[in-house]
Amino acid sequence: MALKSNNPTNAIINRNFIIRVLENPKENHVKNTKLTSANKLSGYLKDEPLKIKLFKKILDGEKDKYTFLIISRLKIEIQSK
């Protein structure tokens, strides 16, 4: 059973966007991409201010899909539902 988020921003992100993460994109094939939630994204990034910056960009932006490459070790795709 899924737990409700105590963070309203994470709840909005989870409700409106699909988040896919690919670790080490130069070595891993795209089929190894994992679906994740806004809460679990912190574990991949290990940088809460960066996560907040990314979420602010997608919430304020008008695109349907965003792709972020974090120090060439992590590729994050966020797509609206």
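Residues numbered from 1 in each chain as written. Predicted model: local features only at pLDDT ≥ 70, side-chain atom pairs only at ≥ 80, totals over all residues. Heavy atoms only, no water.

**Q** Just checking my understanding: could you explain the nonpolar core for this structure?
**A** Nonpolar side chains tend toward joint burial in soluble globular proteins. Membership of the largest hydrophobic core comes to 17 residues, with the highest contact counts inside it found for Ile 19, Ile 58, Phe 68 and Ile 76. Secondary structure elements with two or more residues in this core: strand S1 (17-23), helix H2 (38-45), helix H3 (48-60), strand S3 (65-70) and strand S4 (74-80). Of the residues forming this core, the biggest block, four residues, is contributed by H2. (Core = buried A, V, L, I, M, F, W, Y, C linked by side-chain atoms within 4.5 Å. Buried < 20%, exposed > 50% of the residue type's maximum accessible area, 1.4 Å probe, protein only. Helix = DSSP H or I, 4+ residues; strand = E, 2+ residues; numbered from the N terminus.)

**Q** Would you mind going over the packing of aromatic side chains with me for this structure?
**A** Describing an aromatic ring pair means giving the distance of the ring centres and the angle of the ring planes. A full pass over the atoms with the stated rule returns one aromatic pair. Geometrically, the ring pair formed by Tyr 66 and Phe 68 is stacked, given 6.2 Å between the ring centres and 5° between the ring planes. Note on Tyr 66: relative accessible area 7%, which makes it buried. (Phe/Tyr/Trp six-rings, centres within 6.5 Å; stacked < 30°, edge-to-face > 60°.)

**Q** Got a minute to help me understand the packing of H2 against H3 in this structure?
**A** Closest axis-to-axis distance for the H2/H3 pair is 9 Å, and the angle between their directions is 130°. Of the possible angle classes, the one that applies to H2 and H3 is oblique. For the pair H2 and H3, the sense of crossing is right-handed. Seen from H2, the contacting residues are Ala 38, Leu 41, Ser 42 and Leu 45; seen from H3, they are Glu 48, Leu 50, Lys 51, Leu 54 and Phe 55. Considering only residue class, the contact of H2 with H3 consists of six nonpolar, one polar and two charged. (Axes fitted to C-alpha atoms, helices over the stretch in contact; angles between N-to-C directions. Parallel < 35°, antiparallel > 145°, perpendicular 65-115°, else oblique. Left-handed = near helix turned anticlockwise from the far one by under 90°. Contact = heavy atoms within 4.5 Å. Nonpolar A, V, L, I, M, F, W, Y, C, P; charged D, E, K, R; others polar.)

**Q** In this structure, what is going on with the packing of helix H1 (residues 8-16) against H3? I would like to understand it.
**A** In a pair of packed helices, the angle between the axes and the distance between the axes together describe the arrangement. At their nearest, the axes of H1 and H3 sit 11 Å apart, and the two run at 55° to each other. Between H1 and H3, the angle is such that the two are oblique. The handedness of the crossing between H1 and H3 is left-handed. Contacts between H1 and H3 involve Thr 9, Asn 10, Ile 12 and Ile 13 on the former and, on the latter, Lys 51, Phe 55, Ile 58 and Leu 59. Grouping the amino acids of the contact of H1 with H3 by side-chain chemistry returns five nonpolar, two polar and one charged.

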